Amino acid sequence: MPETLEETKSVTQIATPWNVVVHNDPVNLMSYVTMVLQKVFGYSVDRARHHMLEVHHKGRSIVWTGDRETAELYVQQLHGYLLHATLERAEG
Amino acid sequence: MMIRRWKDKSIEFSRIESIEAELLKQVPAAGDPEGEEKAEERLFPSPTSQGTPGMTKDWDEFVRPELRHLFLSARKLVEEDLAGMTRRPGKIGHLVVPLTHADSWLNALNQARLVLATKYDFTEAELSFNHTPKTFSRRDLVLLQINFYAAVQERLIEILEEGTPPKR
């Protein structure tokens, strides 16, 4: 039975979604952030602009949620464009 | 200085004044954090604010060197492009760069702005275009340099958008 419990925990950990969060940064231009979100996630200009404005007004925006490996890849790409981005476990 | 898309494959910088040429030539060096801790932290931030075990260590080992290489490559490409700037009589400069270099230019300009802003500890209010310096210290001149680079970035983004059909 302990083995089964351990296995269940691992599956739960893998299944936990992760958020990719972009944080406000006074240096990055609004147009640049919008362009990067379009390039990295393939978002429409409207959706990218929505996230950019959320970052600007609220200080952060969850721009993507999903598995950890992909989230890490997205954060790496965003860092490559010099955006301040992190990943965090999705709540709930 | 005027910046425009040229023959659909290039970006042309024309009528470059001496001071603009000088500021452009400083882009590659300005983006080098030169080991300064705060600038390094901004160029290579942690991937998580939650202190996830193992993640930061792996990031430092595998991702950070890749990012460092990417940033250095962008600055080098811009430096090579700038070496091709011609000066006409009257010291007006002219430069044509391939459109495919636009991403590297945006990246190098962003590095320069981030490093300068971090080194000189500018606030959000100071970085807005509405800020008018009250003195003309070295710091105020750096702010003008940052805003000049921002204006070039804005124009390059406009040029890139000109050739991209809107995705809605």
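Quick look at the structure, then.

### Quick notes on the overall build of chain B
In step 1: Broken down by element type, chain B carries seven helices and four strands.
In step 2: Walking chain B from its N terminus toward its C terminus, one meets helices and strands in the order β-β-α-α-α-α-β-β-α-α-α.
In step 3: In terms of overall dimensions, chain B has a C-alpha envelope of 60 × 40 × 35 Å along the principal axes.
In step 4: Counting over 168 residues, chain B shows a buried share of 46%.
In step 5: When the accessible surface of chain B is totalled, it reaches about 9300 Å², and 54% of it is carbon and sulfur.

### A look at helix α5 (residues 102–119) of chain B
In step 1: Relative to the 26 Å expected for 18 residues at 1.5 Å per residue, α5(B) spans 26 Å between its end C-alpha atoms, a close match to the ideal helical length.
In step 2: Where burial is concerned, most of α5(B) is hidden: 16 out of the 18 residues are buried.

### Section: helix α3 (residues 45–58) of chain A
All names here are of chain A.
In step 1: Between its terminal C-alpha atoms α3 stretches 19 Å, which fits the 20 Å expected from 14 residues at 1.5 Å a residue.
In step 2: Of the residues making up α3, those classed as buried are Val 45, Ala 48, His 51, Met 52 and Val 55. The buried residues of α3 occupy an angular sector of 135° when the element is viewed end-on, so they sit on one face. Exposed side of α3, more than 90 degrees from the buried face: His 57 and Lys 58 are the residues found there.
In step 3: Those residues of α3 that are buried are in contact with β1 (18–23), α2 (30–41) and β2 (60–66).
In step 4: Count one or two residues on from α3 and you reach Gly 59, which has phi positive near 90°.

### Describing the sheet that holds strand β3 (residues 86–88) of chain B
All names here are of chain B.
In step 1: Taking strand neighbours across the sheet as the criterion, the four strands line up as β1-β2-β4-β3 in an open arrangement whose pairing is antiparallel. The open sheet has two edge strands, β1 (2–6) and β3, and neither has a second partner. This sheet shows a mean twist of 20° between the axes of neighbouring strands, independent of strand direction.
In step 2: As defined by bridge partners, strand β2 (residues 10–16) adjoins strand β4 (residues 92–98) across five bridges and the pair is classed as antiparallel. Its bridge partner lying in β4, Ile 11 is registered against Val 97.
In step 3: The strands touched by helix α1 (residues 18–25) are β2 and β3; relative to β2, the strand with the most contacts, the crossing angle is about 135°.
In step 4: Of the strands in this sheet, β1 and β2 are in contact with helix α7 (residues 138–162), which crosses β1 at around 20°.

### Some remarks on the sheet that holds β2(A)
All names here are of chain A.
In step 1: On the basis of which strands lie adjacent, the open sheet formed by three strands has the order β2-β1-β3 and antiparallel pairing. Sheet topology places β2 and β3 (85–89) at the edges, where each strand pairs with a single neighbour. Each adjacent strand pair in this sheet contributes to an overall mean axis angle of 30°, direction not counted.
In step 2: Pairing analysis gives six bridges linking β1 to β2, with the strands arranged antiparallel. The residue bridging Trp 18 from the neighbouring strand is Gly 66, located in β2.

### Some words on the interface of chain A and chain B
In step 1: Contact with chain A, which involves 32 residues of that partner, is made by 33 residues of chain B.
In step 2: Linking chain A with chain B are two salt bridges.
In step 3: Two residues, Arg42(B) and Asp25(A), come together in a salt bridge whose shortest N-O distance is 2.2 Å.
In step 4: In this structure, the connection of chain A to chain B is made through 10 residue pairs in polar contact (both at pLDDT 80 or more).
In step 5: Elements with a minimum of two residues in the side of chain A that touches chain B: α2, α3, α4 (68–80) and β3 of chain A.
In step 6: Its residues assigned to classes, the side of chain A that touches chain B comprises 14 nonpolar, 11 polar and seven charged.

### Overview of the environment of Leu82(B)
In step 1: Assignment of secondary structure puts Leu82(B) in helix α4 (residues 55–82).
In step 2: Note: C-alpha distance between Leu82(B) and Pro28(B) (54 residues apart in sequence) is 9.7 Å.

### Section: the side chain of His79(A)
In step 1: Structurally, His79(A) can be placed in helix α4.
In step 2: Using a relative accessible area of 1% as the deciding quantity, one classes His79(A) as buried.
In step 3: Look past the residues within four positions of His79(A) in its chain and what remains in contact with it is Ala85(A), Pro45(B), Ser46(B), Pro47(B), Trp59(B), Leu67(B) and Phe71(B).

Conventions we followed
Residues numbered from 1 in each chain as written. Chains lettered and ligands numbered in written order. Predicted model: local features only at pLDDT ≥ 70, side-chain atom pairs only at ≥ 80, totals over all residues. Heavy atoms only, no water. Helix = DSSP H or I, 4+ residues; strand = E, 2+ residues; numbered from the N terminus. Buried < 20%, exposed > 50% of the residue type's maximum accessible area, 1.4 Å probe, protein only. Areas by Shrake-Rupley, 256 points an atom, 1.4 Å probe, with all protein chains shown as cover. Expected span 1.5 Å × (residues − 1). Arc of directions from axis to C-beta. Contact = heavy atoms within 4.5 Å. Pairing = 2+ DSSP bridges. Axes fitted to C-alpha atoms, helices over the stretch in contact; angles between N-to-C directions. Salt bridge = Lys/Arg side-chain N within 4 Å of Asp/Glu carboxyl O. Polar contact = N/O pair within 3.5 Å; in protein donor to acceptor, adjacent residues only side chain to side chain. Nonpolar A, V, L, I, M, F, W, Y, C, P; charged D, E, K, R; others polar.

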